[in-house]
Amino acid sequence: MSTSAPRPQATEPPELRVQEVTVRFAGLTALDDVSFTVSPGSVHALIGPNGAGKSTCFNVLSGLCRPASGTVRLGDAELTRLAPHRIAALGVARTFQNIVTTEGTVADNLMLGRHVHSRAGFAASALRLPRAVREQREHLAKAREIAELTGLERHFDTPVALLSYGDRKRVEFARALCLEPSVLLLDEPVAGMNAAERARTAETVRDVRAELGLSVVLVEHDMGLVMRLADEVTVLDFGRRIAHGTPDEVRGDPEVLRAYLGTETPQEDVA
Ligand SMILES: Nc1ncnc2c1ncn2[C@@H]1O[C@H](COP(=O)(O)OP(=O)(O)OP(=O)(O)O)[C@@H](O)[C@H]1O
Ligand SMILES: [Mg+2]
């Protein structure tokens, strides 16, 4: 059984601080002055109805989208204007809402996640110099370790195209973990999964947090999962932060109920 308390780490992950971030697309404000802080080693859920700005927020955190204003800091490092690979090198890894993995074996995909840790240059690798061969072996061992942690060890040498949908989602998760991040951003990790796969992924998130002591930012529409896993929850609606607190606090928040249940919709319109 895993415990909810993270194992003490040699180095605690830095705090991730999002401050007053605004993102505009043409006439649309996708994020409007959004702030939240992810405490070291916590699971922080970012929830809200479709189009609330959750994935846009992940795009800002991972450097794919530059905000019109506001800042993102990881410990003392300012991430706001850095390129995605620099942010990844500082320890922020993400998964995407839609599966991006279609080619290669599980091992190949996990090795892609190790790229940021490669020290041997391209030439050394191509020439199979001893240093490069040793490094490659170390990366493979790490990838195998992550495959075990995420329940993919059986499929390590299987082409991802042959895996079930749930397992392919896990490959995305595992690849992000191969970066050995201090902050892991999971965008809808259980979307499209059946109940058993959802439960298994929830357990993996718990295990990963406990074993690796990293912080997790979780975007998910499965409220049961969010309520079970999250230490803190930030709720977005139309790009604005409408609530923040523990799962119990946000669950009963009238603004959150309104956003989800859409009580502004006239009742007589409902058949
Ligand atoms: N590149 C873009 N160009 C223009 N508009 C965009 C772009 N990306 C997102 N948007 C818009 O910004 C708003 C927020 O989108 P976002 O994808 O962040 O929502 P979300 O909370 O992740 O929704 P979902 O739960 O459906 O995934 C939406 O209205 C979306 O249409
Ligand atoms: Mg999204």
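Because the structure is predicted, anything quoted here is derived from the model rather than measured.

Next up on the list: the overall build of the protein chain. Tallying secondary structure elements over the protein chain gives ten helices and ten strands in all. By residue count, 48% of the 271 residues in the protein chain fall in the buried class. Across the protein chain, the fraction of contacts at a sequence separation of at least 24, relative to all contacts at a separation of at least 6, is 67%. Accessible surface, the protein chain as shown: approximately 13500 Å² in total, 52% of it carbon and sulfur.

So, about the side chain of Glu232. Examined against the element boundaries, Glu232 turns out to sit in strand E9 (residues 232-237). It is Arg241 that comes nearest to the buried, bridge-free Glu232 among opposite-charge side chains, at 7.9 Å. When residues no more than four places from it in sequence are discounted, the contact partners of Glu232 are Thr37, Ser39, Val43, His44, Ala45, His244 and Gly245.

Taken together, 14 residues lie around ligand 1, and Gly51, Lys54, Thr56, Gln97 and His221 are the ones closest in. A distance of 2.8 Å separates an oxygen atom of ligand 1 from a polar backbone atom of Gly51. Within the backbone of Ala52, one N or O atom sits 3.1 Å away from an oxygen atom of ligand 1. Here ligand 1 has 640 Å² of accessible area as a free molecule, and 61% of this is covered by the chains.

Attention now goes to the sheet that holds strand E1 (residues 16-25). With antiparallel pairing, the four strands of this open sheet are ordered in space as E2-E1-E4-E5. Strands at the two margins of the open sheet, each flanked by one partner only, are strand E2 (28-38) and strand E5 (77-78). Relative to E5, strand E4 (residues 69-74) runs antiparallel, the two being bridged by two bridges. Residue pairing for E5: Leu74 is matched across the bridge by Ala77.

Before going further, it helps to spend a moment on the confidence of the model for the protein chain. Mean pLDDT over the protein chain: 88, with 89% of residues reaching 70 or higher. In the predicted structure, residues 1-8 sits below a pLDDT of 50 and forms twelve contacts with residues beyond four places in sequence or in another chain. A low-confidence stretch, residues 264-271 stays under pLDDT 50, and its non-local contacts, those more than four residues away or across chains, total one contact.

A rise of 1.5 Å per residue sets the reference length of helix H7 (residues 195-212), with its 18 residues, at 26 Å; its end C-alpha atoms lie 25 Å apart and thus fit the reference within 8%. Buried residues of H7: Glu197, Thr201, Ala202, Thr204, Val205, Val208, Arg209 and Ala210, and no others. Where H7 begins, the side chain of Asn194 points an oxygen toward the backbone nitrogen of Ala196, at a separation of 3.1 Å. One or two positions beyond H7, positive phi appears at Gly213, with a value near 65°.

To continue, consider the nonpolar core. Formed by 33 residues in total, the largest nonpolar core has its most connected members in Leu110 and Leu184. Those elements that provide at least two residues to this core are helix H3 (106-113), helix H5 (130-149), helix H6 (165-177), strand E7 (183-187), H7, strand E8 (215-219) and helix H8 (223-229). Top element by residues in this core is H6. It accounts for five residues. Of the residues that make up this core, three or more belong to each of domain 1 (16-91 + 181-269) and domain 2 (107-178). Ranked by size, the runner-up nonpolar core spans 27 residues in total, among them Val18, Val23, Phe58 and Val183.

Glancing now at the sheet that holds strand E3 (residues 43-47). Across the sheet, which stays open at both edges, the six strands sit in the order E6-E7-E8-E3-E9-E10 with mixed pairing between neighbours. Two strands close off the open sheet at either side, each with one partner strand: strand E6 (92-94) and strand E10 (240-245). Neighbour-to-neighbour, the strand axes of this sheet turn through a mean angle of 20°, independent of strand direction. Sheet analysis places E6 next to E7, joined by three bridges and oriented parallel. Pairing of Ala93 across the sheet is with Leu184, part of E7. Where helix H1 (residues 54-61) meets the sheet, its contacts fall on E3, E6, E7, E8 and E9, and the angle it forms with E7 comes to roughly 150°.

Here we take up a nonpolar patch on the surface. Taken together, the side chains of Leu64, Phe96 and Val100 present a nonpolar region at the surface, about 260 Å² in accessible area. Of note, Val100 is situated in the loop between E6 and H3. Under the relative-accessibility criterion, Val100 is labelled partly exposed at 46%.

Here is what the cut-offs are and how they apply
- Residues numbered from 1 in each chain as written.
- Chains lettered and ligands numbered in written order.
- Predicted model: local features only at pLDDT ≥ 70, side-chain atom pairs only at ≥ 80, totals over all residues.
- Heavy atoms only, no water.
- Helix = DSSP H or I, 4+ residues; strand = E, 2+ residues; numbered from the N terminus.
- Buried < 20%, exposed > 50% of the residue type's maximum accessible area, 1.4 Å probe, protein only.
- Contact = heavy atoms within 4.5 Å.
- Areas by Shrake-Rupley, 256 points an atom, 1.4 Å probe, with all protein chains shown as cover.
- Lys, Arg positive; Asp, Glu negative; His and termini not counted.
- Salt bridge = Lys/Arg side-chain N within 4 Å of Asp/Glu carboxyl O.
- Near = heavy atom within 4 Å.
- Polar contact = N/O pair within 3.5 Å; in protein donor to acceptor, adjacent residues only side chain to side chain.
- Pairing = 2+ DSSP bridges.
- pLDDT = per-residue confidence, 0-100.
- Expected span 1.5 Å × (residues − 1).
- Core = buried A, V, L, I, M, F, W, Y, C linked by side-chain atoms within 4.5 Å.
- Domains from an automatic or database assignment.
- Axes fitted to C-alpha atoms, helices over the stretch in contact; angles between N-to-C directions.
- Patch = residues over 30% accessible without salt bridge, like charges linked within 9 Å, V, L, I, M, F, W, Y side chains within 5 Å.

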